Amino acid sequence: MAEETDNQSENIEDRIIPINIEEEMKSAYIDYSMSVIVSRALPDVRDGLKPVHRRVLYGMQGLGLQSNKPHKKSARVVGEVLGKYHPHGDSSVYDTMVRMAQPWSLRYMLIDGQGNFGSIDGDGAAAMRYTEARLRKIAEEMLIDINKDTVDFRLNFDDSLEEPTVLPARIPNLLVNGSSGIAVGMATNIAPHNLSEVIDATIAYIDDKEIAIQDLMKHVKAPDFPTGGIIYGYEGVREAFETGRGRIVMRAKAEIESQSNEREKIIVTEIPYQVNKAQMIERTAELVNEKKIEGISEIRDESDRDGLRIVYEIKRDANAAIVLNNLYKYTALQTSFSVNNIALVHGRPMLLNLKDMIVHFVDHRHEVVVRRTKFELAEAEKRAHILEGLLIALDHLDEVISLIRNSSTPDEAREGLMSKFGLSDIQARAILDMTLRRLTGLERDKIKEEYADLMKQIEYLKSVLADESLRMSIIKEELVEVKEAYGDERRTEIVHSAAELMTEDFIEDENVVITISHEGYIKRTPLTEYRTQGRGGKGAIGSNSRDEDFIEHIFVASNHNYLLFFTDQGKCYWLRVFEIPEGSRTSKGRAIQNIINIDKEEKIKAYIKVVNLKDQEYLENNFIIMCTKKGTIKKTTLEAYSRPRSNGINAININEGDELLEASLTTGNSEIVMALRSGRAIRFNESTVRPMGRTATGVRGISLAHDKDEVVGMISIDSPESTVLVVSEKGYGKRTDIEDYRVTNRGGKGVKTINITDKTGQLVAIKSVTDNDDLMIINRSGIVIRIAMDTLRVMGRATQGVRLITLKESDEIASVTKTEREEETEENQENENLSSESNEGGENLNSNSEEKNNEENQG
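Every residue gets a number counted from 1 within its own chain, in the order that chain's sequence is written. Residue-level local features of this predicted model are given only where pLDDT is at least 70; pairs of side-chain atoms are given and counted only at 80 or more, and the full residue set underlies all totals for whole chains, interfaces and linings. Heavy atoms throughout the structure, all of them, feed into the side-chain values; hydrogens and water do not.

An unreviewed UniProt entry lists the chain under the name DNA gyrase subunit A, from Pseudopedobacter saltans. UniProt positions are given in the numbering used here, feature names are shortened, and annotations may be inferred rather than shown by experiment. Turning to the chain, the UniProt record has this under Subcellular location (unreviewed entry): "Cytoplasm". Taken from UniProt, the Sequence similarities (unreviewed entry) comment for the chain reads in full: "Belongs to the type II topoisomerase GyrA/ParC subunit family."

(A) Local environment of helix α5 (residues 90-99). Here's how the labels work: a residue is buried when its accessible area is under 20% of the maximum for its type, exposed when over 50%, partly exposed in between, all with a 1.4 Å probe on protein chains only. Strands are runs of DSSP state E lasting at least two residues, helices are runs of H or I lasting at least four, and both sets are numbered from the N terminus onward. Listed as buried for α5 are V93, Y94, T96, M97 and V98. Any pair of residues with heavy atoms lying within 4.5 Å of one another is described as a contacting pair. For α5, the secondary structure elements touched by its buried residues are α3 (51-62), α4 (74-84), β2 (111-114) and β3 (132-135).

(B) Highlighting the packing of aromatic side chains. To pair, rings of Phe, Tyr and Trp, with the six-membered ring standing in for Trp, must have centres within 6.5 Å; the planes then decide the type, stacked if under 30 degrees apart, edge-to-face if over 60, and tilted in the middle. Taken as a whole and assessed by the stated rule, the structure comprises six aromatic pairs. Residues F566 and Y641 carry aromatic rings whose centres are separated by 6.0 Å and whose planes lie at 70 degrees to one another, so their mutual orientation is edge-to-face. Placement of F566 in strand β22 (residues 562-567) and of Y641 in the loop between β27 (632-637) and β28 (649-650) is noted, with a sequence separation of 75 residues between them. Of the two residues, F566 and Y641, both sit in the buried class. Cluster of aromatic residues (ring-pair linked, three or more members): Y58, Y85 and F153. For a lysine, the NZ atom is tested; for an arginine, the CZ atom; a charge sits over a ring if that atom is within 6 Å of the ring centre and within 35 degrees of the ring normal. A cation over an aromatic ring shows up here: R251 above the ring of Y232, its NZ or CZ 3.7 Å from the ring centre.

(C) A look at the environment of R429. With respect to the element layout, R429 can be found in helix α16 (residues 425-433). Distance in space between the C-alpha atoms of R429 and A413 is 9.4 Å, their sequence separation being 16 residues. Whenever a nitrogen or oxygen atom comes within 3.5 Å of another N or O atom, the pair is scored as a polar contact, on the condition that within protein one atom can donate a hydrogen and the other can accept it, and that pairs from neighbouring residues in sequence are kept only if both atoms are in side chains. Reaching out from R429, the side chain makes a polar contact with the side chain of D425 at a distance of 2.9 Å.

(D) Spatial organisation of the sheet that holds strand β35 (residues 732-737). DSSP bridges decide pairing: two strands pair if at least two such bridges lie between them. Strand order in the open sheet formed by four strands is β37-β34-β35-β40, and the pairing between neighbours is antiparallel. Edge positions in the open sheet fall to β37 (763-769) and β40 (802-803), since each of these has one partner strand only. For β35 and β40, the ladder comprises two bridges, and the chain directions are antiparallel. Note that in β40 the partner of G733 across the bridge is V802.

(E) Inspection of the pairing of strand β7 (residues 187-190) at higher detail. Pairing analysis gives four bridges linking strand β6 (residues 179-182) to β7, with the strands arranged antiparallel. In the strand pairing of β7, S179 is matched with I190. Once β6 ends, the chain turns through four residues before running back antiparallel as β7, passing G185 with a positive phi of about 80 degrees.

(F) Representation of the sheet that holds β2 within the structure. Strand order in the open sheet formed by three strands is β1-β3-β2, and the pairing between neighbours is antiparallel. Across the chains shown, the open sheet's two edge strands, defined by having one partner strand only, are β1 (72-73) and β2. Here β2 runs beside β3; their pairing, made up of four bridges, is antiparallel. Looking across to β3, one finds that Q114 is bridged to E132. Note on geometry: axes are lines fitted to C-alpha atoms, helical ones only across the stretch in contact, with angles between N-to-C directions running from 0 to 180 degrees. Contacting β2 and β3, α3 crosses the sheet at an angle of about 90 degrees to β3.

(G) Quick look at the pattern of salt bridges. In what follows, salt bridge is the name for a side-chain nitrogen of Lys or Arg lying within 4 Å of a carboxyl oxygen of Asp or Glu. Tallying each qualifying case throughout the model produces 52 salt bridges. A salt bridge links R371 to E367, with the nearest nitrogen and oxygen atoms 3.6 Å apart. Placement of both R371 and E367 in helix α13 (residues 354-395) is noted, with a separation of four residues, approximately one turn of the helix. Residue classification places R371 among the buried positions, given a relative accessible area of 17%. Two residues, R383 and E450, come together in a salt bridge whose shortest N-O distance is 2.8 Å. Note that R383 is positioned in helix α13 and E450 in helix α17 (residues 441-466), a separation of 67 residues in sequence. Classification of R383 as partly exposed rests on a relative accessible area of 27%. The exposure class assigned to E450 is partly exposed, which follows from its relative accessible area of 28%.

(H) Representation of the packing of α4 against α5 in the model. Viewed as axis vectors pointing N to C, α4 and α5 meet at an angle of 125 degrees, and their least axial separation amounts to 10 Å. On the basis of the axis angle, α4 is oblique to α5. Between α4 and α5 the crossing geometry is right-handed. For the pair α4 and α5, contact is made by S74, V77, V78, V81 and L82 and by D90, V93, Y94 and M97, respectively. Amino acids are sorted into nonpolar (Ala, Val, Leu, Ile, Met, Phe, Trp, Tyr, Cys and Pro), charged (Asp, Glu, Lys and Arg) and polar (every other residue, Gly among them). Looking at the contact of α4 with α5 residue by residue, the classes come out as seven nonpolar, one polar and one charged. Roughly parallel means an angle under 35 degrees; roughly antiparallel means over 145; roughly perpendicular covers 65 to 115; every other angle is labelled oblique. We call a crossing left-handed when the near helix sits turned anticlockwise from the far one by less than a right angle, and right-handed when that turn is clockwise.

As structure tokens, then:
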């Protein structure tokens with residue numbers, strides 16, 4: 001017994017083979033990954049199908065579910081596919097079948113579903129026992145000629161049946177319907193395209209095998225998604241076509257409609273491909289509630305069987321265009337499709353560009369045509385062989401009948417026919433199987449006619465096999481037939497993005513007035529809307545603001561300029577002037593947070609108008625001078641601000657209790673003048689301030705007169721014609737020659753710039769002006785007046801000045817800016833009318849001339 005046990009253990013040891021576990025794991029995982037890649041996740045480049053799609057279509061054909069036959073239960077199809085070809089879960093087969101029947105999933109559906117096949121909101125299809133299906137006509141084009149030995153077959157999972165390794169595919173399905181899948185270590189994401197465009201490109205390739213991808217792109221413009229929408233920007237499309245990889249930005253198709261109650265609404269009729277509509281709407285509502293998207297009062301889904309329709313109701317004070325841009329930015333109304341054209345080529349995964357996919361499809365169709373022609377030739381020759389035997393029998397009819405009648409068995413008759421007339425076994429059997437009715441004269445003629453036609457067909461098929469150009473013309477003819485039968489118009493529009501087009505080419509380069517309110521509302525208005533008025537007038541309405549809001553910044557710029565916005569916290573933001581929404585002179589403007597990504601607690605305090613941010617020489621030879629309310633000054637090269645980010649960059653380090661007040665663009669040799677609220681000003685040369693980095697704090701520019709004193713402004717002067725203009729809060733102002741301000745050391749207390757009294761109020765602004773400038777003054781109630789500077793004489797530094805604007809009680813000046821001269825002073829009568837309208841019957845714009853003269857005498 002012990003010996004037997006020893007023998008058993010020896011046998012077990014002999015069967016145990018020691019292996020390296022690392023090598024075994026590596027080998028097993030590679031086998032698994034290749035199985036997933038080849039047998040599950042990646043489509044074949046020839047028919048654009050994965051094995052499960054191919055098996056569903058082939059199984060449905062086997063069930064006789066052609067497009068002209070009645071639908072059958074989906075469960076029948078799933079059972080057929082599972083039992084014969086696809087030994088996996090039933091959900092994998094049914095989900096595949098459902099997707100091929102959804103108009104929002106496939107550009108050209110392959111299955112005609114009946115029942116609930118889900119929705120674009122992500123609702124699942126009904127159970128397979130409830131739904132029914134059959135093939136669509138276009139799917140039959142994928143299967144056509146499959147019984148003519150056009151493709152290879154292989155044994156199924158239990159070797160009981162054969163299944164096709166690929167479909168004949170008369171349609172370039174990989175490009176037309178696209179594909180997506182995740183394998184092991186790789187993934188594929190191929191976009192759908194328009195059938196007509198792809199066929200045109202395929203024919204163009206057949207005509208010229210050396211055609212470049214750029215020429216193919218003249219036919220295939222871009223992907224064409226089943227849900228329509230807009231492709232925003234073409235660079236990603238070009239990259240995808242040329243390399244096989246690219247990022248395509250998709251946008252919803254939206255229109256802005258105006259309603260009778262002066263409100264606007266955004267109507268979305270098409271959404272990006274593979275976006276779940278219900279989830280998108282739900283997420284948008286969350287963003288609105290979280291205040292991340294502002295300006296939307298209501299979202300409604302009005303989609304029905306006639307089409308998709310989502311309505312965004314816009315609040316009365318919001319700009320629909322800006323809201324739409326924010327929807328594009330934060331929601332799935334704009335999303336991207338990352339193209340990764342990986343497909344199986346001869347069983348190996350390869351990255352393919354546009355031409356590669358067309359080449360492989362044409363090669364496949366060429367092989368199908370060759371194999372089909374060979375099959376049809378063999379069948380024709382078989383039939384001709386039989387007909388030749390029948391014709392011999394008909395020519396010797398009496399002898400044949402006699403031989404058959406005298407034979408004792410069919411085999412004897414067959415052998416007699418073969419030996420006497422030199423017939424083959426097949427021919428002899430055909431003669432014996434021939435019915436008596438075929439001996440009539442009419443039937444004999446039919447046989448002769450059929451034989452003649454067969455000989456012509458055989459000759460043609462042989463010529464096809466001998467001539468490649470003829471085979472290519474056949475492929476082209478079949479593609480044209482497919483295009484005529486199933487081709488349609490593009491659904492997805494192509495719109496070039498702002499980054500690709502020079503947007504300023506489409507925008508007139510005119511001067512506009514930019515206004516920014518205390519609450520952060522911004523607008524641009526054509527400069528011609530503002531009228532030149534006489535000094536001392538009451539002004540015209542410049543903006544309708546809320547009671548607690550008032551205009552804080554007003555300046556002139558060209559549409560093509562760049563603007564750098566500087567906030568009180570020392571941050572800088574970048575914007576093109578034409579990107580600012582346009583508004584009338586009386587409109588409130590739009591929230592600046594909807595245009596640039598500015599924090600809510602920040603306020604715009606200064607701006608830099610820059611002509612070009614891309615000229616390196618210009619950037620290095622210009623500087624930005626900044627000053628704070630506490631008297632700090634800082635100089636930085638413009639180049640440091642040439643690459644702002646969307647969420648802003650730090651321009652200056654602000655100490656606690658301080659804030660940024662002004663910023664100015666200089667050439668490096670300007671005279672700097674800083675003015676205090678207490679009426680003093682300091683002048684020094686810019687060269688005394690060395691350039692610093694963006695994160696520096698700066699150096700002292702002027703010393704404050706007392707704790708409550710602060711800087712009201714800073715100017716840089718580099719023209720001998722420039723004079724210094726100062727304005728007080730009660731509407732008084734004056735021009736003084738720059739030479740009246742002696743140059744002192746930076747950081748000093750400065751000299752008196754205006755005689756501060758109760759009548760004038762404290763200083764609120766300092767500007768550099770010439771006779772060619774106009775002055776625009778705006779007070780807290782929103783009244784604007786425009787004054788030509790050549791009407792205001794230059795006077796001494798320590799004088800009180802003259803009244804520039806007549807203010808109502810408790811009103812004060814909020815902002816002062818200079819503008820370039822654009823138009824002549826209008827007639828007094830028109831100014832009187834304007835003043836009367838804006839002040840509801842107040843005094844004439846020029847009626848205070850006596851008061852004006854008295855004030856000048858006081859000065």
